[in-house]
Amino acid sequence: MNLPSFLWLWKIAAWSMGLSLLAYLMLAVTGVWMFRARTSQQFPFITPFIGGNKGVRSLHYTMGISMVSLVLLLLAIGIVGTLGHFGSLGHSSHLVAGLIVVGLVLLSAFSATQISARRPWARPLHVGINIILFIGFAWVSLTGWIVVQKYLP
(Lines give C-alpha, C1' and ligand atoms only; values in the text may rest on other atoms or scores of the structure.)
Protein backbone atom coordinates (compact mmCIF):
# COMPACT_ATOMS: atom_id res chain seq x y z
CA MET A 1 0.00 0.00 0.00
CA ASN A 2 1.17 3.53 -0.58
CA LEU A 3 1.28 6.36 1.96
CA PRO A 4 -1.62 8.51 0.73
CA SER A 5 -4.10 5.78 1.70
CA PHE A 6 -2.67 5.95 5.24
CA LEU A 7 -2.59 9.75 5.55
CA TRP A 8 -5.78 9.79 7.63
CA LEU A 9 -4.19 7.29 10.01
CA TRP A 10 -1.12 9.47 10.51
CA LYS A 11 -3.36 12.48 11.22
CA ILE A 12 -5.13 10.54 13.96
CA ALA A 13 -1.74 9.52 15.36
CA ALA A 14 -0.53 13.13 15.40
CA TRP A 15 -3.65 14.31 17.24
CA SER A 16 -3.49 11.36 19.64
CA MET A 17 0.15 12.09 20.49
CA GLY A 18 -0.56 15.78 21.05
CA LEU A 19 -3.54 14.99 23.26
CA SER A 20 -1.49 12.37 25.15
CA LEU A 21 1.13 14.98 25.94
CA LEU A 22 -1.58 17.44 27.01
CA ALA A 23 -3.12 14.77 29.25
CA TYR A 24 0.33 14.06 30.74
CA LEU A 25 0.78 17.78 31.49
CA MET A 26 -2.67 18.01 33.08
CA LEU A 27 -1.95 14.88 35.12
CA ALA A 28 1.27 16.45 36.39
CA VAL A 29 -0.55 19.65 37.37
CA THR A 30 -3.43 17.87 39.11
CA GLY A 31 -1.01 15.42 40.76
CA VAL A 32 1.06 18.25 42.24
CA TRP A 33 -2.19 19.95 43.22
CA MET A 34 -3.37 16.85 45.13
CA PHE A 35 0.05 16.45 46.76
CA ARG A 36 0.02 20.06 48.00
CA ALA A 37 -3.54 19.73 49.26
CA ARG A 38 -2.68 16.50 51.09
CA THR A 39 0.58 17.68 52.67
CA SER A 40 0.08 21.36 53.42
CA GLN A 41 -3.67 21.56 54.00
CA GLN A 42 -3.62 24.74 51.89
CA PHE A 43 -6.00 24.49 49.00
CA PRO A 44 -5.51 26.49 45.82
CA PHE A 45 -8.02 29.30 45.31
CA ILE A 46 -9.67 27.61 42.32
CA THR A 47 -10.37 24.31 44.08
CA PRO A 48 -13.89 25.30 45.26
CA PHE A 49 -14.85 26.03 41.64
CA ILE A 50 -14.11 22.49 40.43
CA GLY A 51 -15.62 20.56 43.32
CA GLY A 52 -12.85 20.65 45.92
CA ASN A 53 -10.29 17.90 46.29
CA LYS A 54 -12.75 15.29 45.02
CA GLY A 55 -13.14 17.33 41.84
CA VAL A 56 -9.37 17.49 41.32
CA ARG A 57 -9.06 13.77 42.01
CA SER A 58 -11.90 13.02 39.58
CA LEU A 59 -10.23 15.19 36.92
CA HIS A 60 -6.93 13.39 37.57
CA TYR A 61 -8.59 9.98 37.11
CA THR A 62 -10.41 11.14 33.97
CA MET A 63 -7.19 12.47 32.45
CA GLY A 64 -5.39 9.24 33.39
CA ILE A 65 -8.03 7.08 31.70
CA SER A 66 -7.89 9.38 28.67
CA MET A 67 -4.10 9.13 28.44
CA VAL A 68 -4.17 5.32 28.71
CA SER A 69 -6.80 5.19 25.95
CA LEU A 70 -4.84 7.54 23.70
CA VAL A 71 -1.59 5.63 24.18
CA LEU A 72 -3.32 2.34 23.35
CA LEU A 73 -4.83 3.99 20.26
CA LEU A 74 -1.34 5.14 19.26
CA LEU A 75 -0.05 1.59 19.69
CA ALA A 76 -2.79 0.23 17.43
CA ILE A 77 -2.22 2.95 14.81
CA GLY A 78 1.52 2.34 14.87
CA ILE A 79 1.15 -1.40 14.36
CA VAL A 80 -1.54 -1.12 11.66
CA GLY A 81 0.22 1.74 9.84
CA THR A 82 3.66 0.17 9.91
CA LEU A 83 2.41 -3.26 8.85
CA GLY A 84 0.29 -1.66 6.12
CA HIS A 85 3.12 0.48 4.79
CA PHE A 86 6.16 -1.77 5.27
CA GLY A 87 4.64 -5.21 5.73
CA SER A 88 6.62 -5.80 8.96
CA LEU A 89 7.54 -4.10 12.24
CA GLY A 90 10.87 -2.96 13.64
CA HIS A 91 12.10 -0.45 11.08
CA SER A 92 13.30 2.06 13.68
CA SER A 93 13.86 2.58 17.39
CA HIS A 94 10.40 4.16 17.51
CA LEU A 95 8.88 0.70 18.06
CA VAL A 96 11.03 0.09 21.14
CA ALA A 97 10.36 3.59 22.47
CA GLY A 98 6.63 3.19 21.89
CA LEU A 99 6.44 -0.19 23.60
CA ILE A 100 8.34 1.16 26.60
CA VAL A 101 5.98 4.14 26.86
CA VAL A 102 2.93 1.84 26.61
CA GLY A 103 4.39 -0.35 29.36
CA LEU A 104 5.13 2.64 31.59
CA VAL A 105 1.65 4.08 31.08
CA LEU A 106 0.01 0.77 31.94
CA LEU A 107 2.28 0.30 34.97
CA SER A 108 1.47 3.85 36.11
CA ALA A 109 -2.26 3.18 35.74
CA PHE A 110 -1.94 -0.07 37.70
CA SER A 111 0.06 1.60 40.47
CA ALA A 112 -2.59 4.35 40.67
CA THR A 113 -5.23 1.74 41.45
CA GLN A 114 -3.08 0.47 44.32
CA ILE A 115 -2.67 3.80 46.14
CA SER A 116 -4.10 3.55 49.65
CA ALA A 117 -3.04 3.91 53.26
CA ARG A 118 -2.51 0.12 53.40
CA ARG A 119 -0.06 0.21 50.48
CA PRO A 120 2.51 2.93 51.21
CA TRP A 121 4.72 1.71 48.32
CA ALA A 122 2.12 2.51 45.63
CA ARG A 123 2.24 6.33 45.64
CA PRO A 124 6.07 6.64 45.34
CA LEU A 125 6.01 3.95 42.63
CA HIS A 126 3.29 5.87 40.74
CA VAL A 127 5.18 9.15 40.96
CA GLY A 128 8.51 7.53 40.05
CA ILE A 129 7.04 5.82 36.99
CA ASN A 130 5.54 9.11 35.86
CA ILE A 131 8.90 10.87 36.16
CA ILE A 132 10.47 8.13 34.01
CA LEU A 133 7.48 8.46 31.65
CA PHE A 134 8.57 12.05 30.94
CA ILE A 135 11.81 10.68 29.49
CA GLY A 136 9.84 8.00 27.62
CA PHE A 137 7.55 10.59 26.04
CA ALA A 138 10.56 12.67 25.01
CA TRP A 139 12.21 9.61 23.45
CA VAL A 140 9.08 8.44 21.61
CA SER A 141 8.46 12.01 20.38
CA LEU A 142 11.99 12.31 19.02
CA THR A 143 11.94 8.92 17.31
CA GLY A 144 8.44 9.62 16.00
CA TRP A 145 9.61 12.89 14.47
CA ILE A 146 12.43 11.00 12.75
CA VAL A 147 9.88 8.51 11.37
CA VAL A 148 7.63 11.35 10.17
CA GLN A 149 10.55 12.86 8.26
CA LYS A 150 10.71 9.70 6.13
CA TYR A 151 7.17 10.38 4.87
CA LEU A 152 7.40 14.11 4.23
CA PRO A 153 8.36 15.24 0.70
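For clarity, every value in this text was computed on a predicted model and none was experimentally measured.

Draft legend 1. Here's a closer look at the overall build of the protein chain. Scanning the protein chain for helices and strands turns up 4 helices and 0 strands. Reading the protein chain from its N end, one meets helices and strands in the order α-α-α-α. Looking at the protein chain residue by residue over its 153 residues, the buried ones come to 33%. When contacts within the protein chain are restricted to residue pairs at least 6 apart in sequence, long-range pairs at least 24 apart make up 73% of them.

Draft legend 2. Broad picture of the UniProt feature "transmembrane region" (unreviewed entry) in the protein chain. The feature "transmembrane region" (unreviewed entry), as annotated in UniProt, sits at residues 12–35, 61–83, 95–115 and 127–148 in this numbering. As annotated, residues 12–35 comprises 100% helix and 0% strand, and the C-alpha atoms at either end are separated by 34 Å. Secondary structure across residues 127–148 comprises 100% helix and 0% strand; the distance between its end C-alpha atoms is 31 Å.

Draft legend 3. Summary view of helix H3 (residues 94–114). With 21 residues, H3 should cover 30 Å at 1.5 Å per step; its first-to-last C-alpha distance of 30 Å lies within 8% of that length. Here H3 has its buried residues at Ala97, Gly98, Val101, Val102, Leu104, Val105, Ser108, Ser111 and Gln114.

Draft legend 4. Just a positive patch on the surface, in detail. A surface patch of positive charge is lined by Arg38, Lys54, Arg57 and Arg123. Counting through the fold element by element, arginine 123 comes out in helix H4 (residues 122–151).

Draft legend 5. Region of the structure containing the side chain of glutamine 114. Here glutamine 114 shows up in helix H3. Residue classification places glutamine 114 among the buried positions, given a relative accessible area of 15%. Discounting residues that sit within four places of it in the chain, glutamine 114 has contacts with Arg119, Trp121 and Ala122.

Draft legend 6. The arrangement of the packing of aromatic side chains in detail. For the structure shown, the criterion picks out 2 aromatic pairs. Pairing tyrosine 24 with phenylalanine 137 gives two aromatic rings, centres 5.4 Å apart and planes at 70°, and the pair type is edge-to-face. Pair noted here: tyrosine 24 is in helix H1 (residues 7–40) and phenylalanine 137 is in helix H4, with a separation of 113 residues, a long-range link. Counting every residue linked through ring pairs, the aromatic cluster contains Tyr24, Phe134 and Phe137.

Draft legend 7. Highlighting the side chain of serine 16. Inspection of the secondary structure puts serine 16 in helix H1. A residue is classified by how much of its surface remains accessible, and serine 16, at 4% relative accessible area, is buried. With near-sequence residues (within four places) excluded, serine 16 lies in contact with Leu70, Leu73 and Leu74.

About the criteria used
Residues numbered from 1 in each chain as written. Predicted model: local features only at pLDDT ≥ 70, side-chain atom pairs only at ≥ 80, totals over all residues. Heavy atoms only, no water. Helix = DSSP H or I, 4+ residues; strand = E, 2+ residues; numbered from the N terminus. Buried < 20%, exposed > 50% of the residue type's maximum accessible area, 1.4 Å probe, protein only. Contact = heavy atoms within 4.5 Å. UniProt positions renumbered as here; feature names shortened; annotations may be inferred. Expected span 1.5 Å × (residues − 1). Patch = residues over 30% accessible without salt bridge, like charges linked within 9 Å, V, L, I, M, F, W, Y side chains within 5 Å. Areas by Shrake-Rupley, 256 points an atom, 1.4 Å probe, with all protein chains shown as cover. Salt bridge = Lys/Arg side-chain N within 4 Å of Asp/Glu carboxyl O. Lys, Arg positive; Asp, Glu negative; His and termini not counted. Charge placed at Lys NZ, Arg CZ, Asp CG, Glu CD. Phe/Tyr/Trp six-rings, centres within 6.5 Å; stacked < 30°, edge-to-face > 60°.

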